[in-house]
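Structure at a glance
If you want the building blocks of each chain, they are given just below.
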Amino acid sequence: MTTAITRRTGKAAWSDSQLLHALEEVVETELNRHLRVAKEWMPHEYVPWSDGRNFDGVMGGEAWAPDQSKVSSVGRVALVVNLLTEDNLPSYHHEIATLFGRDGAWGTWVHRWTAEEGRHGIVMRDYLLTSRAVDPVELERFRMSHMSEGFQSDNAHSMLHSIAYVAFQELATRISHRNTGHHSGDPVCDRMLARIATDENLHMVFYRNLLSAAFEMAPDQTMCAVRDVVVAFRMPGHGIPGFERAAAQMAIGGIYNLRIHHDDVLQPVLRYLKVLEISGLGPDGLAAQEELGMYMGGLDEQATRFDERREALLARRAARGR
């Protein structure tokens, strides 16, 4: 039996536990849909094992050198960032298991999502090491440093904020993987990241549909959560050593920047959910909606200025023959 969605506006706020219970049926529906459409795939099939050989060290092989990599320089930077982000999966699992619980449909989704994300880290690391795409010593040192710091979500205080965040973040991750593949210069890498991106898109759809149901139940609270998340959004890999420099290189390289963030991540989710068109909001929800609209307009202007600076920089590099 389908439970009618109860809509609350104004001061009748939902607690996290009430929302968890109210959304359980939606989670079950979305979980079943996800399991129907998700396709099984094997990480080992995307790795060029015949390219592999021993590294220096206990195996007495050949030390890594940049000229061994088939991947572009910006592709190497992005691959390291993307893999180190995936490496923090234990912390992410802890976060969502704490927020969503380990029972019922919520718990089944938490474990399924973790298992699917685990495949991404497996195949990326196997590809990087087998193809000698990046420095394995630097990669491992980065991994140790990053994971030793752990991870704490900016949105751990609120289940609703967390749902809003992952609806955008899963799409951002998909876009980052796809663009990394496109700019990698290696068809094998591109194919691997396209496979990962397919999973990330399904994860985005799950959370986006959950966010849609939250708007039906608690429009004011959800609008405030979306406003908070969009305005303060940052990728989960922000704690990676040297992240700021890597992010700048990825931005200039066309993998992930303000224009991509605005056009390909924020706008599609907001447009699909018609967030800026929702009516009947209370004072808090209406204020959040207006702030969100103003922020998106300002972000578009910032992205335009970034585009102009990027084009000028690329033109100067081309003139110097770089």
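Each remark here, short or long, concerns the structure printed above.
Residues numbered from 1 in each chain as written. Predicted model: local features only at pLDDT ≥ 70, side-chain atom pairs only at ≥ 80, totals over all residues. Heavy atoms only, no water.

Moving on, we come to the nonpolar core. Counting 90 residues, the largest nonpolar core has F100 and F168 as the members making the most contacts within it. At 14 residues, helix α7 (residues 187-217) tops the list of elements feeding residues into this core. Apart from the residues lying within four places of it in its own chain, the contact partners of F168 are V226, V229, V230, F233, V265, L266, V269 and L270. (Core = buried A, V, L, I, M, F, W, Y, C linked by side-chain atoms within 4.5 Å. Buried < 20%, exposed > 50% of the residue type's maximum accessible area, 1.4 Å probe, protein only. Helix = DSSP H or I, 4+ residues; strand = E, 2+ residues; numbered from the N terminus. Contact = heavy atoms within 4.5 Å.)

Okay, helix α8 (residues 219-231) next. End to end, α8 covers 18 Å across 13 residues, agreeing with the expected 18 Å (1.5 Å per residue, within 8%). α8 sits mainly inside the fold: ten of its 13 residues count as buried. Taken as a whole, α8 has its buried residues at P219, D220, T222, M223, C224, A225, V226, R227, V229 and V230. (Expected span 1.5 Å × (residues − 1).)

Attention now moves to empty space enclosed by the protein. Enumeration over the complete set of coordinates arrives at two cavities of 30 Å³ or more. Roughly 50 Å³ of volume is contained in the largest cavity. For the largest cavity, the full set of lining residues is F151, Q152, S153, D154, N155, Y165, R234, M235, P236 and H238. Taken together, the residues that form the lining of the largest cavity break down as four nonpolar, four polar and two charged. (1 Å grid on protein atoms, 1.4 Å probe; cavity = no way out; pocket = protein on both sides within 12 Å on 5 of 7 lines; lining within 4 Å. Points joined across faces, edges and corners; volume = space filled by probe spheres on them. Nonpolar A, V, L, I, M, F, W, Y, C, P; charged D, E, K, R; others polar.)

On the secondary structure map, D186 appears in the loop between α6 (159-184) and α7. Buried charge without a salt bridge: D186, with K70 as the nearest opposite-charge side chain at an N-O distance of 5.5 Å. Discounting residues that sit within four places of it in the chain, D186 has contacts with K70, V71 and Y127. (Lys, Arg positive; Asp, Glu negative; His and termini not counted. Salt bridge = Lys/Arg side-chain N within 4 Å of Asp/Glu carboxyl O.)

Moving on, we come to the packing of aromatic side chains. Counted according to the given criterion, the structure contains six aromatic pairs. Centroid distance W41 to Y46: 5.5 Å. Interplanar angle 85°. Geometry classified as edge-to-face. One exposure class covers both W41 and Y46, and it is buried. Here F100 and W106 contribute two aromatic rings whose centre-to-centre distance is 4.6 Å and whose plane-to-plane angle is 35°, an arrangement assigned as tilted. In this structure, F100 and W106 share a single accessibility class: buried. Grouped by ring-pair contacts, the aromatic residues W109, F206 and Y207 constitute a single cluster. The positively charged end of R208 is found above the aromatic ring belonging to Y272, 3.5 Å away from the centroid. (Phe/Tyr/Trp six-rings, centres within 6.5 Å; stacked < 30°, edge-to-face > 60°. Lys NZ or Arg CZ within 6 Å of the ring centre and 35° of its normal.)

Purely geometric numbers; function is a separate question.
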